[in-house]
Amino acid sequence: MRLLLIEDEERFAATLSHGLRADGYAVDVAHDGRHGLDLARTHPYAAVILDIMLPGLNGYAVCAELRRGGSTVPILMLTAKNGEYDEAEALDTGADDYISKPFSYVVLVARLRALLRRGGATRPVALTVGDLWLDPAARRCRRGTTDVTLTAKQFAVLECLARRPDEVVTKIEILDEVWDQQFEGDVNIVEVYVRALRRKLDLPFGRASIQTVRGAGYRLVATDA
């Protein structure tokens, strides 16, 4: 699951993004409002963590521009300010939630999970493809009534496929959604994760739900045992 963090304090941004990556998220970072707005318009982020006090465009302006353009991405605002008027302005410009610095990392991640559970207007809370069920916010997966344990990256690849059932998803599209801008490895790393998903989701259940479309990518389909 790919997030965007827009925060001008570079040391704080590095610490926060490191924690989120350790928790399995792919995180892109922008240090000013204009760059952050450009990234948010370009990539299909699951959520945006947005500081209010930013150079270029402040967080209120970034949020307002995204909503004006029709974006429904969940937005969690961060600020060193406090007070009911700051919170009201954040919510009035289109933010989904608001948390004041200093804050507990545990609380921030809990707020983030809550936003992801609610999702944007076009993002369903849970995904089903045949008897395969997954909850992106809780990172839970089941085949029928059997829980399947996946790593964070395995889950993210599966989610990318499950959001487009019966469609061909290319390796580049999977990389763009699951890995962040810092990734400089081989595109074939996607094959490694697809093989792992097949070992966990298909082989034990006698299924072939993750199809390889030669020369194009992968497709997740509903299959019977």
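Remember, it's a predicted structure, so these values are computed and weren't measured experimentally.

J.: Give a description of the sheet that holds strand β9 (residues 146–147) that names residues and reports values.
T.: Pairing within the open sheet is antiparallel, and its four strands lie in the order β6-β7-β8-β9. Pairing within the sheet leaves two strands with one partner each, and these edge strands are β6 (127–129) and β9. Bridging between β6 and strand β7 (residues 132–135) involves three bridges; their strand directions are antiparallel. Counterpart to Leu127 in the pairing with β7 is Leu134.

J.: Can you lay out the side chain of Ser17 for me, pointing to particular residues and giving the numbers?
T.: Within the element layout of this structure, Ser17 appears in helix α1 (residues 10–22). Reaching out from Ser17, the side chain makes a polar contact with the backbone oxygen of Ala14 at a distance of 3.1 Å. What Ser17 contacts, discounting residues up to four positions off in sequence, is Leu5, Val27 and Val29.

J.: Mind laying out the sheet that holds strand β1 (residues 2–6), listing which residues take part and the relevant values?
T.: Judged by pairing direction, the sheet is parallel, and its five strands sit side by side in the order β2-β1-β3-β4-β5 without closing on themselves. Edge positions in the sheet fall to β2 (26–30) and β5 (97–100), since each has one partner strand and no second. Within the sheet, the average angular offset between the axes of one strand and its neighbour, ignoring direction, is 20°. Examined bridge by bridge, strand β3 (residues 47–51) and strand β4 (residues 75–79) share four bridges and lie parallel to one another. Directly across from Asp51, in β4, lies its bridge partner Leu78.

J.: Give me the pattern of salt bridges: which residues, what numbers.
T.: Enumeration over the complete set of coordinates arrives at 17 salt bridges. We note a salt bridge from Glu65 to Arg41, for which the minimum N-O separation is 3.3 Å. With Glu65 in helix α3 (residues 59–68) and Arg41 in helix α2 (residues 33–42), this pair connects stretches of sequence that are 24 residues apart. Across the salt bridge formed by Arg143 and Asp131, the nearest N and O atoms sit 2.9 Å from each other. Separated by twelve residues along the polypeptide, Arg143 in strand β8 (residues 140–143) and Asp131 in the loop between β6 and β7 bring together distant segments of the chain. Owing to a relative accessible area of 2%, Arg143 belongs among the buried residues under this scheme. Within this structure, Glu7, Glu9, Asp51 and Lys101 form a network of salt bridges that share partners.

What counts as what
Residues numbered from 1 in each chain as written. Predicted model: local features only at pLDDT ≥ 70, side-chain atom pairs only at ≥ 80, totals over all residues. Heavy atoms only, no water. Pairing = 2+ DSSP bridges. Helix = DSSP H or I, 4+ residues; strand = E, 2+ residues; numbered from the N terminus. Polar contact = N/O pair within 3.5 Å; in protein donor to acceptor, adjacent residues only side chain to side chain. Contact = heavy atoms within 4.5 Å. Axes fitted to C-alpha atoms, helices over the stretch in contact; angles between N-to-C directions. Salt bridge = Lys/Arg side-chain N within 4 Å of Asp/Glu carboxyl O. Buried < 20%, exposed > 50% of the residue type's maximum accessible area, 1.4 Å probe, protein only.

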